[in-house]
Amino acid sequence: MRRLHSFNGGAHPAEHKAESTARPIAAAPLVPLYVVPLRQHIGTPALPLVRAGDRVLRGQAIGQAEGYVSASVHAPTSGRVVAVEMRPVAHPSGLADLCVVIEADGEDRAIDLQPLDWRGMEPSHLRNLIRDLGLVGLGGAVFPSFIKLNPGEAGRVETLILNGAECEPWITSDDLLMRERAREILKGAEIMQAMLHAGEVVIGIEDNKPEAIAAMQAAVREMGLGYEVAVVPTRYPSGGAKQLTYLLTGRETPSRGHAVEVGVQVFNVGTAYGLHHALAEGRPLISRVVTVTGHVASPQNFEVRLGTPIEDLIRAAGGELEGATGEIIGGPMMGFDLQDRAAPVTKAVNCVIVKDAQRFPPPPAPRACIRCGECARACPARLQPFELYWYARARDFGKTQLFSLFDCIECGCCSHVCPSHISLVDFFRYAKSEIWAREREKEAADAARRRHEFHVWRLEREKQEKAERLARKAVAQVKEAEAAPVDAEAARKKAILQAAIERAKQAREGVTPRNVDHLTPEQQHQVEEADARRARLHAGAEDQKETENQP
Amino acid sequence: MTGAPFSLGPRNSTPRVMLKVLAALVPGIVAHYWFFGPGIVVSLLLTSLAAVGFEAFVLLMRNQPVRLHLTDGSALVTAWLLALSLPTLAPWWLYVAGSFFAIVVAKHLYGGLGQNVFNPAMVGYAALIVSFPLYMTQWPAPLELAVHAPGWADAFDLVFAGQGALSPDAYTSATPLDSLKTQILAGRTVEAVLGQPIYGLLGGVGGEWVALAFLAGGAALLAMRLTTWHIPLAFLAAVALSAGALHLIDPARHAGPLFHLMTGGVMLGAFFIATDPVTASTTPLGKLVYAGGAGLLTVVIRTWGGFPDGVAFAVLLMNMCVPFIDDYTQPRVFGKTARLRRRAP
Ligand code: SF4
Ligand code: SF4
């Protein structure tokens, strides 16, 4: 038995798992219209490969991975592209995003799928394939898997952890997947282990899932694998990557760093399952298991094609019941309110909870913070949330950073236990977004300043060069004139020289700093490109932060 | 907009926390009533009414939602702690003035619940002992030792109609702490003094039972997880250790640890006053430092200070140090290497 290392705090929210575990995973029905966002992962959105009017087959790439942190996107069924346009997506911001809209033809014809012999493959080629097959972390973080499957220096990854903790209440998609498809998960883990040269493989599961534990143990035995199924106590957020790593290895992922820095790599069980299917059948990631639960007629897990509108998915679960008050995407601890039910299921959506007033009452009015420290006792990152709250509310963002704001994984434990019902995490999200916005502003200003300085410097240099040329010419004229009679000659020489110096001086003085606005189109283009690059880098950095935050 | 978490489950609320604290004070109040008579009920009523009245008034003045804040129960907790720290049977305006200092000055002038630096009840106590020292030293004697044991009628009379009817000598006596101090100054030894009847078994007739009842209430607080062990334990340990050390050095002039634990405001202070979350240190290590300091200062003030008891001033002094203590005792954040971190200038 592995010695477990207990992390600080945590919470025991009501589990509500039984609602959706009574039925097996069902295939969600084919729907007439699929809306497939090109950004279903952390990083740069995929570039669209199709236009309105194109016909596509199931599994055909419709978006190509762009840049390093990205992954491809594929058609969930056969049909006709009716539009590539902005559509509402399931995102906390409620903003629209570029989507490929496909009208299904009902035939569901697939591209020619070929199993891939991954064992013989050159590692970087294999990783590129995995990117092109659209694989991303399915635990909610949707970080492109091929990046995490790069072992770096040999022997860096000692422990591969499969995350089956599923600590969020209500969600049971990983639970059911482990119960029903344990062998396929383990086959995916074998690929991961081989790619990472990982010494050991540990599957972490919370002890509230005895069926899943038994199924995984049986599969490990039958397949003759030396993997360990580690049962961890049920305590939210044991499924957070950092918390599970610590639970199982006693190693703390460095602040703002990655698990791999302490020799650990963590993948969700669903990701392993997807990887197995991608390579064994050459089938890109076009579906995932989603829990539909809460105030619906028959809560259940579905294998859902990516792009299925959420309203259609809710209908598949028997539809919402009388008195539904909205939907949560994800779990109740870290999820967000869905703003538009037409938004599609993406690789990031693991659960849809239909709310009702009884189980999800409106939050009580917040009272004053009494510094009772309950929040600090519950914080798995060992922060002092009330101090952060204090400074975030006062908009003293420097102090929030000093109190390690960016080590907050937004798990929600603090808000959950606060007796004054303060929505602490909202304040932390707000403070983070403010700080990011300010950093962006500052960078933009810096870049403008640098551009301006360069521009001034270059104009000056040109003027100076011109002046020097003139002076040289004057000297040459003087030399030419040397053959002339002496007296008149001396006077003339002097006059020419004087004039040249005068001109040079004038030219120099004529150089005043110009406005940066007068850039040539080409310059303008370069500047824009540079800005876009920076923005991408920035988005990438932010998103990496996010990946760490998903239990 | 409020985002996740959505599921908040059955949990504590601030009013419920305050109610439980009040409930944990009840054993001490009952003991007080039993050994010292009905005066405590009158003073509790008075401070409660005054504190809630002042609270409502200030909330109105500050344009705050009166109902929401009044129902948090914090004013009542302050009122009860104040009443339990003051002598009973004092004139009514003493309780009203104490409540004024506690609620208006110490709490709301600093920004209201959660923002006050000093423990409101202790500010009320300190203001009174500085302004009206005479009334603050007239403590009713335990019923069994009093010349005249005041009943309900006497209690209301004394508080509201003044002291004409009954001479203070008939119902008051010096507290054990007070009389020990004066007698030692007069040259007697601790041993000789503690033999006198007022000192009871552990520290003082009646008072020792009240202290034990507060200890029981404090244990309930711990059991209900309304406070952690850090502050009460550090406070009591510091009192016991420092008193014990002094006693070892000079047993004739310094009473032992048990006497100090069982007299005055130590038990009330350890479990109910020093633990006030708003004004106490918040980090685990900081709590030990803060409460240890308060316990030590209590004994120091009792031994060398000008006041009979040191709990109030010790707590107030340590309240002052809390921001500093907290800064230097921040827990090590998960994934970071340094434990102690200074706040940037
Ligand atoms: S739990 Fe709530 S009331 Fe208590 S310290 Fe934290 S924020 Fe303040
Ligand atoms: S949301 Fe952040 S501050 Fe709150 S408990 Fe989780 S990690 Fe700690």
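Residues numbered from 1 in each chain as written. Chains lettered and ligands numbered in written order. Predicted model: local features only at pLDDT ≥ 70, side-chain atom pairs only at ≥ 80, totals over all residues. Heavy atoms only, no water.

Participant: Break down the overall build of chain A for me, with residues and values.
Facilitator: For chain A, the helix and strand inventory stands at 16 helices and 17 strands. For chain A, the proportion of its 551 residues judged to be buried stands at 53%. Expressed as a percentage of contacts within chain A between residues at least 6 apart in sequence, the contacts between residues at least 24 apart total 75%. Summing over all exposed atoms, chain A offers an accessible surface of approximately 23800 Å²; the carbon and sulfur share of this is 52%. (Helix = DSSP H or I, 4+ residues; strand = E, 2+ residues; numbered from the N terminus. Buried < 20%, exposed > 50% of the residue type's maximum accessible area, 1.4 Å probe, protein only. Contact = heavy atoms within 4.5 Å. Areas by Shrake-Rupley, 256 points an atom, 1.4 Å probe, with all protein chains shown as cover.)

Participant: Can you explain the pairing of strand β7 (residues 79-88) of chain A? Please cite residues and give values.
Facilitator: Residue and element names in this part refer to chain A. Strand direction decides the pairing type here: strand β4 (residues 55-56) and β7, joined by 2 bridges, are antiparallel. When the bridges of β7 are listed, arginine 55 appears paired with arginine 80. The pairing of β7 with strand β8 (residues 96-104) spans 9 bridges and is antiparallel. Within β8, the residue paired with valine 84 across the bridge is valine 100. (Pairing = 2+ DSSP bridges.)

Participant: Could you give an account of helix α12 (residues 207-223) of chain B, with specific residues and numbers?
Facilitator: Residue and element names in this part refer to chain B. An ideal rise of 1.5 Å per residue puts 24 Å on 17 residues; α12 measures up with 24 Å between its terminal C-alpha atoms. Those residues of α12 lying buried are Glu208, Val210, Ala211, Ala213, Phe214, Gly217, Gly218 and Leu221. Packed against the buried residues of α12 are α1 (14-36), α4 (74-85), α14 (257-262) and α15 (266-273). Looking one or two residues beyond α12, the residue adopting positive phi is arginine 225, at roughly 60°. (Expected span 1.5 Å × (residues − 1).)

Participant: Pulling in residues and values, what's your account of the sheet that holds strand β3 (residues 47-48) of chain A?
Facilitator: All names here are of chain A. The 3 strands are arranged β3-β5-β6 in an open sheet whose pairing can be described as antiparallel. Bordering the open sheet on either side are β3 and β6 (73-74), each of which pairs with just one other strand. One ladder, built from 2 bridges, connects β3 with strand β5 (residues 61-64); its direction is antiparallel. By the bridge assignment, proline 48 is partnered in β5 with glycine 63.

Participant: Account for the site of ligand 2, naming residues and giving values.
Facilitator: All names here are of chain A. Neighbouring residues of ligand 2: Cys379, Pro380, Pro385, Cys408, Ile409, Glu410, Cys411, Gly412, Cys413, Cys414, Val425 and Phe428. Contributions of two or more residues to the shell around ligand 2 are made by α13 (413-417) and α14 (424-480). Residue composition of the shell around ligand 2, by class: 10 nonpolar, 1 polar and 1 charged. (Near = heavy atom within 4 Å. Nonpolar A, V, L, I, M, F, W, Y, C, P; charged D, E, K, R; others polar.)

Participant: Just give me the short version of helix α4 (residues 173-180) of chain A, but keep the residues and values in it.
Facilitator: Since the α-helix packs 3.6 residues into each turn, any two residues three or four apart lie on the same face. Within α4(A), 6 of the 8 residues are buried, which leaves the element mostly enclosed by the surrounding structure. Along α4(A), the residues classified as buried are A:Ser173, A:Asp174, A:Asp175, A:Leu176, A:Leu177 and A:Met178.

Participant: Go over the interface of chain B and chain A with me, naming the residues and quoting the values.
Facilitator: Size of an interface, as often reported, equals the accessible area lost when the parts are brought together. Contacts between the two partners involve 42 residues from chain B, matched on the other side by 54 residues from chain A. Both sides together, the interface formed by chain B and chain A hides about 4000 Å², and carbon and sulfur atoms give 54% of it. With its nearest N and O atoms 3.2 Å apart, the salt bridge here joins A:Asp407 to B:Lys336. Secondary structure elements with two or more residues in the side of chain B that touches chain A: α1 and α17 (311-328) of chain B. Of all the elements, α1(B) adds the most residues to the side of chain B that touches chain A, at 4 residues. Its residues placed into classes, the side of chain B that touches chain A shows 18 nonpolar, 15 polar and 9 charged. (Buried area = accessible area lost by both parts, 1.4 Å probe. Salt bridge = Lys/Arg side-chain N within 4 Å of Asp/Glu carboxyl O.)

Participant: Account for the environment of B:Trp92, naming residues and giving values.
Facilitator: All names here are of chain B. Positionally, tryptophan 92 belongs in helix α5 (residues 92-107). C-alpha of tryptophan 92 to C-alpha of leucine 185: the two residues are 93 residues apart in sequence and 33 Å apart in space. Leave out the neighbours within four places in its chain, and tryptophan 92 touches Leu46, Val159 and Phe160.

Participant: Outline the site of ligand 1, listing residues and values.
Facilitator: Around ligand 1, the structure places A:Cys369, A:Ile370, A:Arg371, A:Cys372, A:Gly373, A:Glu374, A:Cys375, A:Phe386, A:Cys418, A:Pro419, A:Ser420 and A:Leu424. When its residues are assigned to classes, the shell around ligand 1 shows 8 nonpolar, 2 polar and 2 charged.

Participant: Please provide a residue-by-residue account of the side chain of B:Thr88, values included.
Facilitator: Residues and elements named next belong to chain B. Of note, threonine 88 is situated in the loop between α4 and α5. Overall, threonine 88 belongs to the buried group, its relative accessible area being 4%. Residues contacting threonine 88, with those up to four places away along its chain left out, are His32, Gly39, Ile40, Ser43, Tyr95, Gln138 and Pro140.

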